[in-house]
Amino acid sequence: MAMQLPSRFSQPQAVFLLLAWLRLLASSLLLLFVVIVSQLPIAHIQHLINWPVFGAAYGCCLLLAAAGFALHQRVDHCWHLWLALLADTLLWFVLVYASGGAINPAISYLLVLLAVAALSMPLWAAAWLMLCHGLLYAVLLNIEPNTHHAHMLGWHLWGMWVLFLMTAMILLAVVYLLSRSLQQKEQAIARYREDTVRNEQLVAMGTLAATMAHELGSPLSTIAILAADIAGEDGDMLRQQVERCKQALARLKQADSGLYQPQAIHSSALLSQLQQEILLLKPACPLQLDDRLDARLQVAPLLRHALLALLTNAADAAASSLQCRLQRDGGQLLVDISHDGAAIDATLMQSLGRQRVESPGNGLGIGYFLANASIEHVGGRLLVSNLAGGGVLTRVMLPAERLLAND
């Protein structure tokens, strides 16, 4: 398949249509040039032109150009472009042969075709086309259409052939490298735009969270005063919940300090803390732990909050089972969170973690979006997939060298 390159050269239909226009314009200009030259008072110039062969080749060019205009929307493969370029190459050699042979300066038009090939096709396909150019040019040098060249002229023509091959190789290498560089820049710009949009959304969420923290302070104080007068277990539970809300707001107000500072903690202790948090939030769905790492870690609070958000979303979607496994795979630490809830829709799967999604009732959306941003900040990746036997697996892949503590 054609390589993905910037601009319209990455679209096979656009390149096929461009070749049709080039085929029509180049052959017509060559016809005009040959007609003008044939009228000049130059000795033997008229004998160099084979009008029947030239006319047949020009007619084929017109037919192929018409076919290109009509069929360019159906082109979807690199081979279509390569065959079109090969046909243009053969027809152009016939036109050059019928209008003077190797001494015709129009032979340089092959470099244009080679540049189109280098921009629109993989390097190996363009290299094969360049090889075809060189072989056909060599054949053309050994064909004497209507005249005999002198000895010095023959050396001059073979020198032109060598120069053509050198120019073709340089052009192929330069155009290919430039196209790859442009492709990388286009990809970098696209990633920058995505990151900019995501950062703007994160800033908006942070501003909204800070505003809500201030707005919820007074209502919580009022609820705490009223809860003090309620006796019994209901009062105790209400006061505990109010205290948890106050602690959460306090952590939110101090979110700008210490979030990125790694803290030493054992892997089992980290999982136990997450288990206690989930038990308070979702007591009906206990978390089952599997610590296969058994090592000390350097975990920033930002990463811990991201893992807690993923576990909370998984607990919301779980039917009865929720597991968290921590292990090492080569240079990566894997945190696998799985549950037996409903599978995630394929359309939602593509947007999950990369943008905010509307999915009320299943606990997915903003939690995955914020968690993914935090995980990417520490050099990790977030992968979500449906399990074959039912349920969903959320895998967090983290760089081991950044998280393992050096005791």
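Residues numbered from 1 in each chain as written. Predicted model: local features only at pLDDT ≥ 70, side-chain atom pairs only at ≥ 80, totals over all residues. Heavy atoms only, no water.

A.B. asks: How would you sum up the confidence of the model for the protein chain? Please name residues and give values.
C.D. replies: In this model, the protein chain carries an average pLDDT of 78, and 78% of its residues clear a pLDDT of 70 or more. Least confident of the elements in the protein chain is helix α6 (residues 151-227), whose mean pLDDT is 68; most confident is strand β5 (residues 332-339), at 92. Low confidence marks residues 1-7, where pLDDT is under 50. Its contacts with residues over four positions away, or in another chain, come to 23 contacts. For residues 145-152, every residue scores under 50 in pLDDT, and the model assigns this stretch nine contacts once sequence neighbours within four places are set aside. (pLDDT = per-residue confidence, 0-100. Helix = DSSP H or I, 4+ residues; strand = E, 2+ residues; numbered from the N terminus. Contact = heavy atoms within 4.5 Å.)

A.B. asks: Tell me about the state of the cysteines, and name the residues and values.
C.D. replies: Considering all chains together, one arrives at zero disulfides under this definition. In this structure C61 is a free cysteine whose sulfur lies 7.1 Å from that of C60, the closest cysteine sulfur available. By relative accessible area, C61 is classed as buried at 4%. (Disulfide = S-S within 2.5 Å. Buried < 20%, exposed > 50% of the residue type's maximum accessible area, 1.4 Å probe, protein only.)

A.B. asks: Describe a nonpolar patch on the surface, with residues and values.
C.D. replies: Taken together, W79, W124, W128, L131 and L135 make up a surface patch of nonpolar side chains, about 590 Å² in accessible area. With four residues, helix α5 (residues 123-141) is the largest single contributor of residues to the nonpolar patch. By the secondary structure assignment, W124 is in helix α5. The class of W124 is partly exposed, set by a relative accessible area of 46%. (Patch = residues over 30% accessible without salt bridge, like charges linked within 9 Å, V, L, I, M, F, W, Y side chains within 5 Å. Areas by Shrake-Rupley, 256 points an atom, 1.4 Å probe, with all protein chains shown as cover. Salt bridge = Lys/Arg side-chain N within 4 Å of Asp/Glu carboxyl O.)

A.B. asks: Describe the pattern of salt bridges, and please don't skip the residues or the numbers.
C.D. replies: Per the stated rule, a full pass over the model turns up six salt bridges. Note that R304 is salt-bridged to E277, the shortest N-O span being 3.5 Å. Taken as a pair, R304 in helix α9 (residues 301-317) and E277 in helix α8 (residues 267-281) lie far apart in primary sequence, 27 residues in all. Relative accessible area serves as the criterion here: at 19%, R304 is assigned to the buried category. Note that D290 and R292 form a salt bridge whose closest N and O atoms lie 3.0 Å from each other. By relative accessible area, D290 is classed as partly exposed at 25%. Through salt bridges with shared partners, one network takes in D290, R292 and R325.

A.B. asks: Give a description of the packing of helix α3 (residues 78-98) against α5 that names residues and reports values.
C.D. replies: Taken N-terminus to C-terminus, the directions of α3 and α5 make an angle of 15 degrees; their axes are 11 Å apart at the nearest point. Between α3 and α5, the angle is such that the two are roughly parallel. Crossing handedness for the pair α3 and α5: right-handed. Only W124, A125, W128, L129, C132, H133, L136, Y137 and L140 of α5 make contact with α3, whose side of the interface consists of W79, W82, L85, L86, T89, L90, F93, V96 and Y97. Classifying every residue of the contact of α3 with α5 gives 16 nonpolar, two polar and no charged. (Axes fitted to C-alpha atoms, helices over the stretch in contact; angles between N-to-C directions. Parallel < 35°, antiparallel > 145°, perpendicular 65-115°, else oblique. Left-handed = near helix turned anticlockwise from the far one by under 90°. Nonpolar A, V, L, I, M, F, W, Y, C, P; charged D, E, K, R; others polar.)

A.B. asks: Account for the packing of aromatic side chains, with residues named and values stated.
C.D. replies: All chains considered together, the criterion is met by five aromatic pairs. Taking 4.5 Å as the distance between ring centres and 45 degrees as the angle between the ring planes, the aromatic pair formed by W92 and Y109 counts as tilted. Note that W92 is positioned in helix α3 and Y109 in the loop between α3 and α4 (110-120), a separation of 17 residues in sequence. Assigned by exposure class, W92 and Y109 land together as buried. (Phe/Tyr/Trp six-rings, centres within 6.5 Å; stacked < 30°, edge-to-face > 60°.)

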